[in-house]
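Analysis of the macromolecular model
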Amino acid sequence: MSTAVTDVVVTETHVMPEEHYLNADHSLKSWLLTQDHKRIAILYMLTITFFFFVGGIMASLVRLELLTPAGDLLESDTYNKAFTMHGVMMIFFFLIPSVPATLGNFLIPMMIGAKDLAFPKINLLSWYIFVVGACFGLAAMITGGVDTGWTFYAPLSTTYSNTNVILTAVGILIAGFASIFTGLNFIVTIHKMRAPGQTWFRLPLFVWAHYAASIIMVLGTPVIAITLILVALERGFHIGIFDPRLGGDPILFQHMFWFYSHPAVYIMILPGMGVISEVVTTFSHKRIFGYKAIAFSSVAIAVFGFLVWAHHMFIAGISMYAALIFSLISFLVAIPSAIKVFNWSATLYKGSVRWNTPMLYAFGFIGLFTIGGLTGLFLAALGLDVHLTETYFIVAHFHYVMVGGMVLAYLCGIHHWWPKMTGRLYPELPAKLSALLVFVGFNLTFMPQFILGYLGMPRRYHSYPPEWQVLNVLSTAGASILAIGFLLPMLYLVWSLKYGQVAGPNPWESTGLEWETSSPPPSHNFHETPVVTSEPYNYGEKEGEV
Amino acid sequence: MTAHQQTEHQQPHHESVHHIGSLFTYALIFGALLIGTGLTVWAAFQNIEVGGISLNAPIALIIATVKATLVVLYFMHVKDSSRLTKITVISGVFWLGILLTLTMTDFLTRAWH
Amino acid sequence: MATRTDPEVHDVGAHGHHAGDEGHHPRHLHHFDTMDQQKDASGLGMWVFLIQEVMFFGGLFCAYLVYRNRFFPAFGAASATLSIELGTFNTVVLIGSSLTMALAVNAAQRGLVKRLMGFIIATMILGTVFLGVKVVEYSQKFEKREIPGQNFCFEPQGGGRCAGVSEAQEKETIPDLLKRYMTGGLGHPPGEPSDSALAHGAASIPGETVTTPEGHSSGEEGPPPLPGGSERQRSMPGSEIYFSLYFAMTGMHALHMIIGMGLMLWLLYNAHKGMYSAAYYTPIENFGLYWHFVDIVWIYLFPLLYLINRHGGH
């Protein structure tokens, strides 16, 4: 690894291309009826940014309440609604669509050398479906919220809760179809739309990761759709599917729920891993280590991810024999994840590492995801899980994966491809500052929660014994730093739209088809269909020889 | 799903070289489906047991699966489709199998129920 | 990655490389290189959509499997209330509609538009017959109060017909019942006072003391009483779950058929406009796949719902 800490600095002066997808048409109608995958990606990005901040406000309420041991800021009912809406907004309306619907949508056609996704109209439809679903979610929140936790466990959701369960469930159900259509579009596009010469093993790992995530979107999401329909029917019409008073089994609900919701974790993390693969290799300026291992590990995660769901249910009363099987397979998922981490690390070795903001986020991702992943092994162990589950340990664990992993990967990708999407560079200094704030704030928020959980602090209560206050204050303090870290990009990225340095087609000297077209790209991505003649990440032989 | 890359290399031809099914085949399959329907109703009224274990449900499911397979292969032309289509169909059935089997590992082995 | 032309790689990717070969078809979308590529993509998209549908119904089948194992006697008894004649008739009708659909696709492949339209109409007629029979079956369930919810009653030992069906109730029409159902008053036949607090299970939260029709009161600990009449409590255990699944599964199936009927109207309109020919019939073909899938779901639903333990074994 190079010893000097250096950045890629764009010294050439570029001019913006005369025609690109952003200035093709300026009318509102041209945006709302667009079939250009790049514009739809931008629509998605604006929408999910809004929901990220809605979910963030809920998170702030939760952390503020937990500043003091007494339940003094929020009533317990209100607190229940706050953490539920935080979970619902963040998971279904931010994390699930985050990287796939924005960066994936924007980049996959360009990376494979296509003019668009296979089904542009379905792509637009999926955004509209998402917005309708999200409006249901918002309406549920505004008209009183929902207090069941994002998991909607029966019979709490079907019988006992007095809140807007049906409205929220319908919202998630609708948004789920947006996810299914996105996954369907990706699968077909990756199979059928590749440019001449773009074979499977010449695909960027970002595309492999999205292919794997799409499998989960298509095969997992319909199960939660039907499960939520049953919950809504049971609640609205008092039919009996999960109701124990009629002989129903609430644990069946958990099986059906986690059949989707565990693999959904990989919908959230796999595309993030794809981003990291691209960024690590670009900013090491070196061919990725173990291309095929990373590619196949993505698919392995997608498949194994479907076999482990009941590790969320070890204390729910499932059969201990089933628990044994699920525990064992859960450990197996660690293998493909570890393969990726090792390969990214090996890619850095003897690379010329540049410390631009995307790389900072990527480093953050690798470290935090590793912590999140390893603590997952604690929870996969049957005996230890009984002690740790439903405590703050589990909260910290999945935030390390979801925020430390996916949100960092999302920010990483946004910075990395910002010049491609907008044609302008983000300002490096505030971006690095925000990356640092996010990293520090994140660890300060969630590291204490590991300890709290280990000490036995249960999740989902608005009050706690006073001896845990110090750790909770640390956590809340970290959350405020994190919030600043998330708000800063909003300012300098918007600033850069007008004042940022013009980037040119390939500011990071990266390989990949998306960097060979102008920034921002023309409406049809390429002026002529590219022909691919070599494997990806070909950094050594960039000039001259093939 | 990892076998796709081989699939498409070996089959550079496109699916659109389309096989037009003969009307006779359709009639034959229709007849088979009708017979299957009759058979499943008839079988439901027989008490089929081997060693004290009722085989009615497995038989009903086998007949239904044969019927479904006929529809998939002939009416939906999977028989003459690319390997990718076949893999897609199989993966759908495989994932349904995951859902049903792994759920049943719990419900069938509960000591406390 | 380099982007220069290399003759060796032309046939490796998924793109066909001979865009100009067949002239420009009016239905050729700009982002596809060839009509072949466009057709392949649509076909694969439809199949991916269908495996999504498999998992969608799969959730219902999963619930069915669990409860059928747990409540086999109730499932058998409840299944016996369904009419085998109507079920078999409908199975034949649906298989017939699959045949006419296959023939419609066949006609489209041959470019015979008149015949294509004829077979689509035939498929629609058969679909309507199926849904009509379903309406008859549903209305029988409504009349016998074998619908899940507060008014549920299933006592096979009591002569197969629940006591307490008042004359006013017998005269009710389906819309009346539905209206009562939607307003939560189904537990209370016409003439009886309706108690809306009881009618909504969700409204009775723990901690609130409520009185069941039998006069038990539930205190802090217990679950809220099951809303509905005493017949619901006395019904055979598991039977209400059977009927819940019956309505969920056949209802979801019927919904798919109704959507299919709508799509067929659209295809018919387009065929009438002359959009389809031997060179372009992808929508017909893909719709055919959808319709056959709906048929396959029914092929499983029929034995699983209608034919449980018909021989009266154990």
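Residues numbered from 1 in each chain as written. Chains lettered and ligands numbered in written order. Predicted model: local features only at pLDDT ≥ 70, side-chain atom pairs only at ≥ 80, totals over all residues. Heavy atoms only, no water.

1. Digging into the overall build of chain C
The line we're drawing: Only DSSP runs of H or I reaching four residues or more are called helices, and only runs of E reaching two or more are called strands; each is numbered from the N terminus. Type-normalised accessible area, obtained with a 1.4 Å probe on protein chains alone, sets the label of each residue: buried when under 20%, exposed when over 50%, and partly exposed for intermediate values. Note on contacts: a residue pair qualifies if any of its non-hydrogen atoms lie within 4.5 Å across the two residues. To be clear on the numbers: accessible area is Shrake-Rupley with a 1.4 Å probe, and residue cover counts the displayed protein chains and nothing else.
A count of helices and strands for chain C gives ten helices and two strands. Along the chain direction, N to C, the helices and strands of chain C fall in the order α-α-α-α-α-α-α-β-β-α-α-α. Looking at the 314 residues of chain C, the share that counts as buried comes to 60%. Sequence separation of at least 24 residues holds for 73% of the intrachain contacts in chain C that already meet a minimum separation of 6. For chain C, the computed accessible surface area is about 12600 Å², with 62% contributed by carbon and sulfur atoms.

2. Quick word on the overall build of chain A
Each helix and strand in chain A was counted, giving 16 helices and zero strands. Looking at chain A residue by residue over its 546 residues, the buried ones come to 66%. Within chain A, counting contacts between residues at least 6 apart in sequence, those at least 24 apart form 84% of the total. Carbon and sulfur atoms make up 71% of the accessible area of chain A, which amounts to about 17700 Å² in all.

3. Some remarks on the nonpolar core
The test is simple: Nonpolar cores are built from buried Ala, Val, Leu, Ile, Met, Phe, Trp, Tyr and Cys residues. Side-chain atoms within 4.5 Å join them into one set. Domain delimitation follows an automatic or database domain assignment.
One finds A:F242, B:M76, C:Y67 and C:I284 to be the most contacted residues of the largest nonpolar core, which totals 303 residues. Residue-level mapping places this core at the junction of two domains, with at least three residues from each of domain 1 (21-80) and domain 2 (81-113) of chain B. Beyond its immediate sequence surroundings of up to four residues, A:F242 is in contact with A:A154, A:T227, A:L230, A:V231, A:E234, A:G248, A:D249, A:P250, A:L252, A:F253, A:M256 and C:Y67.

4. Brief notes about the interface of chain A and chain C
The test is simple: A carboxyl oxygen of Asp or Glu within 4 Å of a side-chain nitrogen of Lys or Arg is what we treat as a salt bridge. We call two N or O atoms a polar contact when they sit within 3.5 Å, provided that within protein one can donate a hydrogen and the other can accept it, with sequence-adjacent residues counted only if both atoms are side-chain atoms.
Taken together, the contacts link 64 residues of chain A with 60 residues of chain C. On inspection of chain A and its partner chain C, the count reaches three salt bridges. We note a salt bridge from A:D249 to C:R70, for which the minimum N-O separation is 2.7 Å. Remark: the boundary between chain A and chain C carries seven residue pairs in polar contact (both at pLDDT 80 or more). Put simply, the parts of the chain that give the side of chain A that touches chain C at least two residues each are helix 6 (156-160), helix 7 (165-192), helix 8 (205-237) and helix 9 (250-284) of chain A. Take the side of chain A that touches chain C: its biggest share by element is ten residues, from helix 8 of chain A.

5. Topic: the confidence of the model for chain C
All names here are of chain C. Inclusion rule: A score between 0 and 100, pLDDT records how confident the predictor is in each residue.
Confidence in the prediction for chain C averages 79 pLDDT; 70% of positions are at 70 or higher. Between the elements of chain C, mean pLDDT differs from a low of 38, seen in helix 7 (residues 196-199), to a high of 97, seen in helix 10 (residues 282-306). Throughout residues 184-220 the model reports pLDDT below 50, and contacts reaching past four residues in sequence, or to other chains, amount to 61 contacts.

6. Structural notes on empty space enclosed by the protein
Residue and element names in this part refer to chain A. Rules: Here a cavity denotes a set of grid points, spaced 1 Å apart and computed over the protein atoms alone, in which a 1.4 Å probe fits but from which it cannot get out, and a pocket denotes an open set meeting protein on both sides within 12 Å along at least five of seven lines; residues with an atom within 4 Å of a point are reported as lining. Grid points are joined across faces, edges and corners, and a volume is the space filled by probe spheres set on the points. Each residue is assigned to one of three groups, with Ala, Val, Leu, Ile, Met, Phe, Trp, Tyr, Cys and Pro labelled nonpolar, Asp, Glu, Lys and Arg labelled charged, and all others, Gly among them, labelled polar.
For the structure shown, the criterion picks out seven cavities of 30 Å³ or more. Estimated volume of the largest cavity: approximately 180 Å³. Lining the largest cavity are 19 residues, with F92, I96, A175, G176 and S179 positioned closest to its centre. Within the residue set of the lining of the largest cavity, elements represented by two or more residues are helix 4 (98-112), helix 7 and helix 8. The dominant element in the lining of the largest cavity, judged by the number of residues it contributes, is helix 7, at seven residues. Classifying every residue of the lining of the largest cavity gives 15 nonpolar, four polar and no charged.

7. Focus on the packing of aromatic side chains
Each aromatic ring pair is summarised here by two numbers: the centre-to-centre distance and the angle between the ring planes. Residue and element names in this part refer to chain A. Put simply, the rule is: Only Phe, Tyr and Trp rings take part, Trp by its six-membered ring, and two of them pair if their centres are within 6.5 Å. Stacked means planes under 30 degrees apart, edge-to-face means over 60, and tilted covers everything else.
Evaluation of the coordinates by the stated rule reveals 63 aromatic pairs over all chains. Taken together, a centroid distance of 5.6 Å and an interplanar angle of 20° make the contact between F378 and F393 stacked. Here F378, found in helix 12 (residues 357-380), pairs with F393, found in helix 14 (residues 392-422); they are 15 residues apart in sequence, far enough to count as distant. For F378, a relative accessible area of 38% translates into the label partly exposed. Judged by its relative accessible area of 5%, F393 is buried.

8. A few points about the pattern of salt bridges
Inspection of the entire model under this criterion finds 13 salt bridges over all chains. Across the salt bridge formed by C:K134 and C:E137, the nearest N and O atoms sit 3.0 Å from each other. Residue C:K134 and its partner C:E137 are located together in helix 4 (residues 113-143), separated by three residues, close to a single helical turn. Like C:E137, C:K134 is buried. Of the charged contacts, one joins C:E146 and C:K141 as a salt bridge, the two residues approaching to 2.7 Å between their closest N and O atoms. What you see here is one network of salt bridges that share partners, running through A:D249, B:D106, B:R110 and C:R70.

9. A closer look at the interface of chain B and chain C
Applicable threshold: The quantity reported as buried area is the accessible area (1.4 Å probe) lost by two parts once they are put together, taken as the sum for both.
Counting from both sides, the interface comprises 53 residues of chain B and, opposite them, 54 residues of chain C. In this assembly, chain B packs against chain C so that about 4500 Å² is buried in total across both faces, 76% of it on carbon and sulfur atoms. At the surface where chain B touches chain C, the tally comes to four residue pairs in polar contact (both at pLDDT 80 or more). Counting only elements with at least two residues in the side of chain B that touches chain C, the list comes to helix 2 (23-44), helix 3 (56-75) and helix 4 (83-107) of chain B. Per-element tally for the side of chain B that touches chain C: the top contributor is helix 4 of chain B, with 13 residues. Across the side of chain B that touches chain C, the residue classes tally to 28 nonpolar, 21 polar and four charged.

10. Brief notes about the packing of helix 9 of chain A against helix 14 of chain A
Residues and elements named next belong to chain A. Basically, it comes down to this: Only the stretch in contact is used when a helix axis is fitted, and all axes are lines through C-alpha atoms; the angle between N-to-C directions ranges over 0 to 180 degrees. Angle categories are assigned with fixed cut-offs, so that under 35 degrees is roughly parallel, over 145 is roughly antiparallel, 65 to 115 is roughly perpendicular, and the rest are oblique. The crossing is said to be left-handed when, going from far helix to near helix, the turn is anticlockwise and less than a right angle, and right-handed when the turn is clockwise.
At a minimum axis distance of 8 Å, the contact between helix 9 and helix 14 shows a crossing angle of 45°. By the criterion of interaxial angle, the relationship of helix 9 to helix 14 is oblique. Crossing of helix 9 over helix 14 shows left-handed handedness. When helix 9 is examined against helix 14, the residues V265, I267, M268, I269, P271, G272, V275, I276, E278, V279, T282 and F283 are found in contact with a partner set consisting of V401, M402, G405, M406, A409, C412, G413, H416 and W417. When its residues are assigned to classes, the contact of helix 9 with helix 14 shows 15 nonpolar, five polar and one charged.

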